[in-house]
Amino acid sequence: MNTKKLWISFILVMTISFAVLIYYGREIYRQAPPIPEKVMTVSGKTLFTGQDIKDGQNVWQSVGGQELGTVWGHGAYQAPDWSADWLHKEAVFMLDKFAMEADGVPFSKESHQKQAALKIKLQEDIRKNGYQDGTKTLVVSEARAEAIASNTVFYGGLFSNNADLQKLRDAYAIPVNSLKDPERIRQLNAFFFWISWACVTERPGQEISYTNNWPAEELVGNHPTSELILWTGFSVIILLAGIGIMVWYYARKRDEETEVFPKINPQLKATHTPSQRATLKYFWIVSALLLVQVIMGVITAHYGVEGHAFYGIPLGDWLPYSISRTWHLQIAIFWIATSWLATGLYYAPAISGFEPRFQRLGVNFLFFALLVIVAGSLAGQWMGVMQKLGLIQNFWFGHQGYEYVDLGRFWQIFLFVGLVIWLLLMGRAIWPALKQKSESRNLLALFLISTIAIAGFYGAGLMWGRQTNLAIAEYWRWWVVHLWVEGFFEVFASVITAFLFVRLNIIKAATATTAVLFSTIVFLSGGILGTFHHLYFTGTPTAVMALGATFSALEVVPLVLMGFEAYDNLKISRMAAWTKAYKWPIYCFISVAFWNLVGAGIFGFLINPPIALYYMQGLNTTAVHAHTALFGVYGMLGIGLMLFVLRDMDKSAIWKDKWIKFAFWSINIGLAAMVLLSVFPIGLAQTVASIKDGLWFARSADFMQQPYMVTLKWMRVFGDTMFAAGTLALVWFIFGLKGGWSHENENE
């Protein structure tokens, strides 16, 4: 089939999508909430300086940032959303002050009519934009200044050692004396004020706040906007239309000629190059990191019920929640990426039939570089959170505080260089095959493009500085999380999976090329601009919401047909006796299709529409999507690719099913149980509370520590235990392949 039209479509999608993404990125820069040079009262008293706010952002990052509570809805689910919590406390203080001045009673004792009048008075004060662009000064009322002072005392005690707040610290998993320096505490409060100011202050000339009236807070008049409702409806229409077109195309495609299936494994006698054999140690590290990641996940989840301890052991003194969660996420990225990169290194020489000079040396060098990055970045994060680094040193070597890209800037640069080295190793291995005019050439070209994208797009994580405005830093952070992790890794995975089946003569190269190109075009059509659905409420203009709602709906479209992909893979595993040897790698691909539909599709679209995310952002409903999509899709794919390589490394061995079968089903059933018995019900309960009383309450200790909520947290034990047991079995199986207890030779 002529792929010229598909390539033209691919180039157009990439060009137009990135042009729009960059244009509105410029608008985010231009319309980001301003950081004033001074925050002053109407009487002229200076409360904070702009440098206090910027330094406060660095202090927040040093205690874990988005790994301890959330800001603008992004981050961890333990502890409150600091922007919503500060705003609510500020509003309650001011209402009580107004009520006491007027009638000598607290706000709660006033009549409904008087309460309504006082709320209007509050909103006229707190929603008014007091930022003066000419002097770059933010002016607040005397009443608000008193509220700020009250909040400063409260958060100062929370992050230091106020004994009256110890129970609350346990509920939030915040160690006593998280901040020991009073100046850092003052700076942290300056940052907390600024992020909440952006949530309620109206943009110049508009009646919406910088965060599009997020979070919902009835006291200050934060309600869903009309644009938010409009684009929610439009996203549903786009989804239905996209599904209809996709189903039509797929029905037509399935009527095409079927492939001729080989009766024996065409790669049975293939030999391995030195660089291919050198990739084996990558998978040992993948297995070890997976095990550590799961252990960190168990500890992190347990902190949700015991706060600072692990079954009575004061583990939080040495391993606080913000570190266990950081390592849980960071190690997940490390082992998944390592599995995918190692798979590429293994198959690159096989694709071209060419082993470049010193390729093995390059593979070994990259391996040890990755070990240094993993160990160094994790140690630096611990040093940062334990307050053993200055703010500048923390930025470079410690904890940046941004979820998924927490590692210090030095380690980011080191990892970026490592990815470039990987790109060079991949490119030099497949280039000879790319120069040949074979039917695989188009697929190879797409393989090289995805490889370049993986190396290049991680560089977006270097686009913010130590004190970059949070709205701008969030824009670039989602380039990494959405475009790098969720975007081009997906493309790379599609291409490498197609190559695996082409090498085995299960599908023809031309058919694979057409299928992968088409799926890539469909995925990126929604995926690139779908990045904006993460940025609805992060200080961005309304147009970002419109684009995010529209194109994130398109992201879901190709996922509705994952059942067909799962069925096709199941057929492959049963087509011939020799394909049974690939049963468990293929079953992992089937699992990926399932979790793509459920985790990325159903649970993703559950929270993606603007009106849904308005109430759900920062709740456990997001964790449902994160666990089922990140591990269910990318994690299971990483495991599947690892098993595929290990299968090819020793084709004569017959795998013993006992451990791998237990591992596969325990991991998948455990993941489902973890979500359905605990995380999802908690998220739904929080959603009801968020709609009724606001995000501040849905994230509060009063709500999260209710007996039935604690019971739901404990319900994770069933799924987590099953998942952990499956992980142990998988690691035992992987190391057993070399040790001999996971397989038997045919001649035995």
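Keep in mind that what you see is a predicted model, and the values were worked out from it rather than measured.

Participant: Help me understand the overall build of the chain, please; the structure alone is not making it clear to me.
Facilitator: Looking only at helices and strands, the chain has 27 helices and eight strands in total. A globule of 748 residues ought to have a C-alpha radius of gyration of about 27 Å, and the chain, at 27 Å, matches this closely. Its C-alpha atoms give the chain principal-axis dimensions of about 90 × 55 × 45 Å. Looking at the 748 residues of the chain, the share that counts as buried comes to 63%. Across the chain, contacts joining residues at least 24 apart in sequence account for 77% of those joining residues at least 6 apart. Just so you have it, the chain exposes about 28400 Å², and 65% of that area is on carbon and sulfur atoms.

Participant: Got a minute to help me understand the pairing of strand β2 (residues 46-49) in this structure?
Facilitator: Bridge analysis of strand β1 (residues 38-41) against β2 gives three bridges, and the strand direction is antiparallel. Looking across to β2, one finds that Lys38 is bridged to Thr49. Where β1 hands over to β2, the hairpin turn is made up of four residues, of which Gly44 adopts a positive phi near 100°.

Participant: Would you mind going over the packing of helix α12 (residues 359-385) against helix α14 (residues 409-435) with me for this structure?
Facilitator: Axes are the key here: two packed helices are described by the angle between their axes and the distance separating the axes. Interhelical geometry of α12 versus α14 gives an angle of 160° and a closest axis separation of 10 Å. In terms of axis orientation, α12 runs roughly antiparallel to α14. Crossing hand, α12 versus α14: left-handed. Listed contacts from α14 to Gln359, Gly362, Val363, Phe365, Leu366, Ala369, Leu370, Val372, Ile373, Gly376 and Ser377 of α12 are Trp411, Phe414, Leu415, Gly418, Ile421, Trp422, Leu425, Arg428 and Ala429. A class-by-class count of the residues in the contact of α12 with α14 yields 14 nonpolar, five polar and one charged.

Participant: Would you mind showing me how to read the pairing of strand β6 (residues 137-140) here?
Facilitator: If a strand is regular, its side chains alternate between the two faces of the sheet. Bridge analysis of β1 against β6 gives four bridges, and the strand direction is parallel. Within β6, the position partnered with Thr41 by the bridge is Val140. Note: strand β5 (residues 131-132) against β6, two bridges, orientation antiparallel. The residue of β6 that forms the bridge with Gln132 is Thr137. Here β5 hands over to β6 after four residues, with Lys136 in that stretch at a positive phi of 55°.

Participant: Looking at this structure, I do not really get helix α1 (residues 4-31). What am I missing?
Facilitator: Structurally, the α-helix is built with 3.6 residues per turn, so residues lying three or four positions apart point the same way. Taking 1.5 Å of rise per residue, the 28 residues of α1 would be expected to cover 40 Å, and the 40 Å separating its terminal C-alpha atoms lies within 8% of that figure. Here α1 has its buried residues at Leu6, Trp7, Phe10, Val13, Met14, Ser17, Phe18, Leu21, Gly25, Glu27, Ile28 and Gln31. Next to the buried residues of α1 lie α15 (441-457), α16 (470-503), α17 (509-527) and α18 (542-556).

Participant: What should I look at first to understand a nonpolar patch on the surface in this one?
Facilitator: Taken together, Ile392, Trp396, Phe397, Phe410, Ile413 and Val417 make up a surface patch of nonpolar side chains, about 520 Å² in accessible area. Of all elements in the fold, only α13 (391-397) and α14 reach the threshold of two or more residues within the nonpolar patch. Mapped onto the fold, Phe397 is located in helix α13. Using a relative accessible area of 41% as the deciding quantity, one classes Phe397 as partly exposed.

The rules we used
Residues numbered from 1 in each chain as written. Predicted model: local features only at pLDDT ≥ 70, side-chain atom pairs only at ≥ 80, totals over all residues. Heavy atoms only, no water. Helix = DSSP H or I, 4+ residues; strand = E, 2+ residues; numbered from the N terminus. Rg over C-alpha atoms; globule rule 2.2 N^0.38 Å. Buried < 20%, exposed > 50% of the residue type's maximum accessible area, 1.4 Å probe, protein only. Contact = heavy atoms within 4.5 Å. Areas by Shrake-Rupley, 256 points an atom, 1.4 Å probe, with all protein chains shown as cover. Pairing = 2+ DSSP bridges. Axes fitted to C-alpha atoms, helices over the stretch in contact; angles between N-to-C directions. Parallel < 35°, antiparallel > 145°, perpendicular 65-115°, else oblique. Left-handed = near helix turned anticlockwise from the far one by under 90°. Nonpolar A, V, L, I, M, F, W, Y, C, P; charged D, E, K, R; others polar. Expected span 1.5 Å × (residues − 1). Patch = residues over 30% accessible without salt bridge, like charges linked within 9 Å, V, L, I, M, F, W, Y side chains within 5 Å. Salt bridge = Lys/Arg side-chain N within 4 Å of Asp/Glu carboxyl O.

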